[in-house]
Amino acid sequence: MSAKTLSAGWTSIGDAQLVLNSDQQVVIDCGDMQVQLTPFANDMVRVRVVPTSQKSERGSWAIAKEQWDLPPHKYSEDAKGITIELADFSIRVTKSPLRIAFLTPAGEVINQDDPAKGMGWDGAQLRVWKEMPQNELYYGFGEKTGMLERRGLAMTDWNYDIPAYTPATDPIYQSIPFFLGMRDGKFYGIFFDNTFRTSFDMGKESDRYYSFGSDGGSINYYFFYGPSPKKVIERFTELTGRMNLPPKWSLGYQQCRWSYYPEAKVRDIAGNFRSRKIPCDVIYLDIDYMDGFRCFTWNKENFPNPKKMVSDLANDGFKFVTIIDPGIKNDTTYWVYKEGAKGNHFVRNGDSSLFIGPVWPGNCAFPDFANTKARTWWGTLYADLVKVGIRGFWNDMNEPSVFDVPTKTFPLDAVHNVDGEKESHAEIHNVYGMQMARGTYEGLRRLKPDERPFVLTRAGYAGTQRYSAAWTGDNVSSWEHMAMAMPMCMNFGLSGQPFVGPDIGGFIGAPSGELYTRWLQYGVFLPLCRSHSVTGSINKEPWAFGEEFTKINKKFIELRYQFMPFLYTEFYKSSTTGVPIMRPLMLEFPDDKTTYRLDTQFMVGGDLLVSPVLEAGSTSRRMYLPKGEWYDFWTREKISGGKWIEAPAPLDRLPLFVRAGAVIPMQQVVQYTDQAPADPLTFEIFPSAEANGSCYEDDGISFGYKKGIFRATAVKVSVSREATTIKMIAARGSYLPSKRSVVFALNGVEQKPKVINVGSEQLKEVGSLSDAAQGWSYDRELHRLSIKLPDSQTGLDLSVQ
Ligand code: GLC
């Protein structure tokens, strides 16, 4: 036996004894254990360690792409070890003891096993120890409280219902065992695909090594080499799947509360939005719409005619999202319970009796979402709500959460039937919520094949973005929580889930008008923009804090709708690359050390920089502008970056900057996303010597875009001494927006221009652009030149002199 004792109870992997190289993988026999190295791509390899006796491979819940064109690798072996060379990096395995290192083509170590510890076991527990260089930093880890950068912290992944969590609480609702490691701006990623309770110790135990491990399953991790962080995230989300483009309305403002009822209250909330002209797309119905918290039923007293309510308010642009929890009331007269019991769809105890636990409705049975038949059945249950006109579904309590037991969840030995194979809850726990969201998503696809589903989930695992958006659970109305939502959402995004947001204003507690406004002010730039609050709390609608605040809240919600073409374009891009919409600055500026721990500011896409005000009573915000030129969004003033600035921030101002060189598509204010098409579609141009940008559009709801029914419009601007040229390039895709105007708004124009030509035709200056079909006007104060023209599918060529 070559296995060595590591420390009390722990056995090490030992030495490599036999190596087998094939086209697909390199298999290294270490006695009891076998190490399999499978290069999936030139920048990605899987490291799997299984008992030599184990023949079959467990499927993965996370992996979306199973088939890869395995890249050719160059293999060499000597007495000390083996080397596998890929185009982007190489893998060096030393034989005695077995240790794995990942190297750049130049031979520098990117990441390597800790020389003393390597990989080891203690009973069912397993762990990997990695060397931890002094200057290495860590990001990602899914949904985590506290700060953006995670060095020195230990974390656990075990989905957990924990209202009013604090910056020190861990774990919380979701588990995504993925992180990015970074040294001097160079990134790698590790995805530990293990659904048992896992843990990461990023230097809490020692500053010499970090480690990750689990209570069960096997060592099974993917290593990704960047060196750019975006490349790591692109590859990780190619593997685990990307967000499907959501319906456009779900990017609108969303209003929630536990709970709006009866119907008159719902109509009153909707009426307030419209009469105050505060834009809103979505109203949520929390658990009280149900009959005794029975999912898929209505409380007839409070909602005598839900279909009429939904359709009346749909005429006014509102979409409804209703909550659906996993707990199905243990009531033999309730149709969902009856169907579930008859179909054998519920989770069982170790002794095969039905597992029953209390949640909102009292004692409940719980669907076994790990089972395909149960998931399919679950999907059918939405039929009636869909018929009523409910547009989206909110899957809550799916950690799963159970009341009145210390563990707050199922017993670890509860049994899931994974399509014939029995697996313990210990193994399924972390994917239960994800599989619930999957059952919901896939069910909706079947019920309405032509409509993009909107699902919002509280619990999840790696890859959940394929089915659902996510929110950060039961937060608190405090300045601390308002600030913490930023790093939380950013790390979520780095971990593959881009469609995220907190309960704006805070769920538990009573925010001051100032706190609510400051939160909403930056909340309108979050991917998910939803206000929510707990039962019994004060009102937290945008008008609930008095006129002064209402005015500002309205202005910022309007701003979200003005930015809608930009936001939708960023959603589209994220759905194709996996790179998050909301980004920490280090993702855009990996060579700028000041950004590495900056978690009080964020970027939307690559060009918009948001710096929320995080303290009561502030009228300015000290913030960092990375290197390069920037425009203040409000004054259109050009400022050089690479320094800290004090940005003015009275209550009605959010420090907002645009990177020079950007073109941002914007539109007029509407009361809901589909009230009217963008007209004019305005390209706000913030030039440096050049500016580039694009706008993605489609019908906002169907899958037609997958067949080319979209419009992608690119705008290219170049500035020289003689003239500025603006080119709108012939649109890609076959989607035809209705007849409309486009405006090119050129910022930073010091003087009123002399001549503006479109092709060979000279354009006229006009007093007011809004009344003219075409022409231009110049704003001396903002140094902004606006040029209006009828839109064109075939492109436009402008020159400004
Ligand atoms: C949970 C959810 C919260 C919801 C409440 C009632 O606490 O996290 O958002 O309002 O349950 O359904």
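Please refer to the structure placed before this passage.
Position labels on residues start from 1 in each chain and follow its written sequence. Totals for whole chains, interfaces and linings use every residue, but because this is a predicted model, local features are given only for residues with pLDDT of at least 70 and side-chain atom pairs only at 80 or more, for both listing and counting. Based on all heavy atoms of the structure, the side-chain values leave hydrogens and waters out of the count.

**Details of the site of the ligand**
Then step 1. Nearness is defined per residue: one heavy atom within 4 Å of the molecule or strand is enough. Close to the ligand lie W258, D286, I287, I323, W360, W394, D396, R458, W471, D474, F507 and H532.
Then step 2. Between an oxygen atom of the ligand and a side-chain N or O atom of D286, the distance comes to 2.5 Å.
Then step 3. Polar contact criterion, stated in full: a pair of N or O atoms within 3.5 Å, where within protein one must be able to donate a hydrogen and the other to accept it, and residues adjacent in sequence count only if both atoms are side-chain atoms. R458 is positioned such that a nitrogen or oxygen atom in its side chain is 2.8 Å from an oxygen atom of the ligand.
Then step 4. If the ligand stood free it would expose 310 Å²; the protein chains cover 97% of that surface.
Then step 5. Grouping the amino acids of the shell around the ligand by side-chain chemistry returns 7 nonpolar, 1 polar and 4 charged. All accessibility values rest on the Shrake-Rupley procedure with a 1.4 Å probe; residue burial counts only the protein chains present in the view. Each residue is assigned to one class: nonpolar for Ala, Val, Leu, Ile, Met, Phe, Trp, Tyr, Cys and Pro, charged for Asp, Glu, Lys and Arg, and polar for all the others, Gly among them.

**Describing the side chain of Q521**
Then step 1. Under the scheme used here, helices are H or I runs from DSSP no shorter than 4 residues and strands are E runs no shorter than 2 residues, and both carry numbers assigned from the N terminus. The residue Q521 is located in helix α9 (residues 513-523) in this model.
Then step 2. Q521 sits in the buried class, given a relative accessible area of 0%.
Then step 3. A polar contact is formed between the side chain of Q521 and the side chain of R518, at a distance of 3.0 Å.
Then step 4. We call two residues in contact when some of their heavy atoms are within 4.5 Å. What Q521 contacts, discounting residues up to four positions off in sequence, is I552, F556, L651, D652, R653 and L654. Relative accessibility decides the category of a residue: with a 1.4 Å probe and only protein chains considered, values under 20% of the type maximum give buried, values over 50% give exposed, and everything between is partly exposed.

**Observations regarding empty space enclosed by the protein**
Then step 1. In this analysis the probe radius is 1.4 Å and the grid spacing 1 Å, with only protein atoms considered; a cavity is a set of points the probe fits into but cannot get out of, a pocket is an open set with protein on both sides within 12 Å along at least five of seven lines, and lining residues have an atom within 4 Å of a point. Grid points are joined across faces, edges and corners, and a volume is the space filled by probe spheres set on the points. The full count for this structure, using the stated rule, is 2 cavities of 30 Å³ or more.
Then step 2. A volume near 120 Å³ is recorded for the largest cavity.
Then step 3. Around the largest cavity sit 16 residues that line it, and N244, P246, Y441, P453 and Y467 are the ones nearest its centre.
Then step 4. When its residues are assigned to classes, the lining of the largest cavity shows 11 nonpolar, 3 polar and 2 charged.
Then step 5. The calculated volume of the second largest cavity comes to roughly 90 Å³.
Then step 6. As for the second largest cavity, its lining consists of V386, I390, R391, F393, L444, K448, E451, R452, P453 and F454.
Then step 7. A per-class count over the lining of the second largest cavity returns 6 nonpolar, no polar and 4 charged.

**Observations regarding the packing of aromatic side chains**
Then step 1. The pairing test for Phe, Tyr and Trp rings, Trp by its six-membered ring, is centres within 6.5 Å, and the orientation test on the planes gives stacked under 30 degrees, edge-to-face over 60, and tilted for anything in between. Scanning the entire structure with this criterion turns up 65 aromatic pairs.
Then step 2. Here the aromatic rings of F141 and F179 are separated by 5.2 Å at their centres, their planes lie at 5°, and the arrangement is stacked. Linking F141 in the loop between β14 (137-140) and β15 (154-157) with F179 in strand β16 (residues 178-183), this pair joins segments that are 38 residues apart in sequence. For the pair F141 and F179, one class covers both residues: buried.
Then step 3. Seen in terms of ring centroids, F296 and W378 are 5.3 Å apart; in terms of plane orientation they differ by 75°. Their pairing is edge-to-face. Of the two residues, F296 is situated in the loop between β22 (282-285) and α3 (306-315) and W378 in helix α5 (residues 372-380); the sequence distance between them amounts to 82 residues.

**Things to note about the pairing of β16**
Then step 1. Among the 6 residues that make up β16, 5 are buried, leaving the element largely enclosed by the rest of the structure.
Then step 2. Between β16 and strand β17 (residues 186-192), which pair antiparallel in sequence order, lie 2 residues; one of them, D184, sits at a positive phi of approximately 50°. Pairing between two strands is assigned when DSSP locates at least 2 bridges connecting them.

**Quick look at the pattern of salt bridges**
Then step 1. In what follows, salt bridge is the name for a side-chain nitrogen of Lys or Arg lying within 4 Å of a carboxyl oxygen of Asp or Glu. Applying the stated rule across the entire model yields 51 salt bridges.
Then step 2. E238 is the salt-bridge partner of R235, the closest N and O atoms lying 2.8 Å from each other. Of this pair, R235 and E238 both sit in helix α1 (residues 229-240), 3 residues apart, roughly one helical turn.
Then step 3. Take E238: its relative accessible area is 24%, and that puts it in the partly exposed class.
Then step 4. Through salt bridges with shared partners, a single network forms among D43, K65, D88, K231, R235 and E238.

**Concerning the layout of surface pockets**
Then step 1. One number sums up the size of the largest pocket: a volume of about 830 Å³.
Then step 2. Contributing to the lining of the largest pocket are 36 residues, with E57, R58, G59, S60 and N220 lying nearest its centre.
Then step 3. Secondary structure elements with two or more residues in the lining of the largest pocket: β5 (33-41), β6 (44-51), β20 (219-225) and β29 (421-424).
Then step 4. Split into classes, the residues belonging to the lining of the largest pocket amount to 14 nonpolar, 12 polar and 10 charged.

**Focus: the side chain of R294**
Then step 1. Here R294 lies in the loop between β22 and α3.
Then step 2. Those residues in contact with R294 that lie beyond four places of it in its chain are K329, D331 and Y334.

**Considering the pairing of strand β4 (residues 26-30)**
Then step 1. The element β4 is largely enclosed, with a buried count of 4 among its 5 residues.
Then step 2. In this structure, strand β3 (residues 18-21) lies alongside β4, joined through 4 bridges in antiparallel fashion. Counted as the bridge partner of L18 is D29 from β4.
Then step 3. Taking the residues between adjacent antiparallel strands as the criterion, β3 and β4 are bridged by 4 residues.
Then step 4. Here β4 pairs with β5 via 5 bridges, running antiparallel. Counterpart to D29 in the pairing with β5 is Q34.
Then step 5. Connecting β4 to the next strand, β5, in antiparallel fashion are 2 residues, including G31 with a positive phi near 90°.

**Overview of helix α11 (residues 564-577)**
Then step 1. How far a helix is expected to stretch is found by multiplying one less than its residue total by 1.5 Å. When the terminal C-alpha atoms of α11 are compared, their 20 Å separation across 14 residues agrees well with the 20 Å that a helix rising 1.5 Å per residue should span.
Then step 2. The element α11 is extensively covered by neighbouring structure, given that 10 of its 14 residues are classed as buried.
Then step 3. Taken together, the buried positions of α11 are M564, P565, F566, L567, Y568, T569, E570, F571, S574 and S575.
Then step 4. Within two residues after α11, G578 carries a phi angle of roughly 85°, on the positive side.

**Regarding the packing of helix α8 (residues 479-494) against α9**
Then step 1. Throughout, an axis means a line fitted to C-alpha atoms (over the contacting stretch in the case of helices), and angles, computed between N-to-C directions, take values from 0 to 180 degrees. At a minimum axis separation of 10 Å, α8 and α9 run at an interaxial angle of 5°. Between α8 and α9, the angle falls in the class roughly parallel. Contacts from W479, H481, M482, A485 and M486 in α8 reach E514, L515, R518, W519 and Y522 in α9.
Then step 2. Partitioned by chemical class, the residues of the contact of α8 with α9 number 7 nonpolar, 1 polar and 2 charged. Here is the rule for angles: anything less than 35 degrees is roughly parallel, anything more than 145 is roughly antiparallel, 65 through 115 is roughly perpendicular, and the remaining ranges are oblique.

**What to know about the environment of Q34**
Then step 1. Relative to the elements of secondary structure, Q34 occurs in strand β5.
Then step 2. Taking the relative accessible area as the measure of exposure, Q34 reaches 15% and is therefore buried.
Then step 3. The sequence separation of Q34 and S53 amounts to 19 residues, and the corresponding C-alpha distance is 8.8 Å.
Then step 4. Apart from the residues lying within four places of it in its own chain, the contact partners of Q34 are V27, I28, R48, V49, V50 and T52.
Then step 5. At 3.0 Å, the side chain of Q34 forms a polar contact with the side chain of Q36.

**Let's talk about the packing of α5 against helix α7 (residues 425-447)**
Then step 1. Contact pair α5 / α7: the axes reach a minimum separation of 7 Å and the direction vectors enclose 55°. Judged on the interaxial angle alone, α7 and α5 are oblique. Of the two elements, α5 crosses α7, and the hand of that crossing is right-handed. On the side of α5, the interface is formed by R375, T376, W378 and G379, while α7 contributes Q435, M436, R438, G439, T440, E442, G443, R446 and L447.
Then step 2. Residues belonging to the contact of α5 with α7 are distributed by class as follows: 3 nonpolar, 6 polar and 4 charged. The crossing is said to be left-handed when, going from far helix to near helix, the turn is anticlockwise and less than a right angle, and right-handed when the turn is clockwise.

**A look at unusual backbone geometry**
Then step 1. A cis geometry characterises the amide bond from E399 onward to P400, with omega recorded as -5°.
Then step 2. Residues D679 and P680 are joined by a peptide bond in cis, for which omega reads 0°.
Then step 3. Structurally, P680 can be placed in the loop between β43 (662-666) and β44 (681-686).
Then step 4. One non-glycine residue, F141, lies in positive phi territory at about 65°.
Then step 5. Residues other than glycine seldom take positive phi values, yet H783 does so here, at roughly 55°.
Then step 6. Among the structural elements, H783 can be located in the loop between β51 (775-779) and β52 (784-790).
Then step 7. You can call H783 partly exposed: its relative accessible area is 28%.

Any link to function would need more than the numbers given here.
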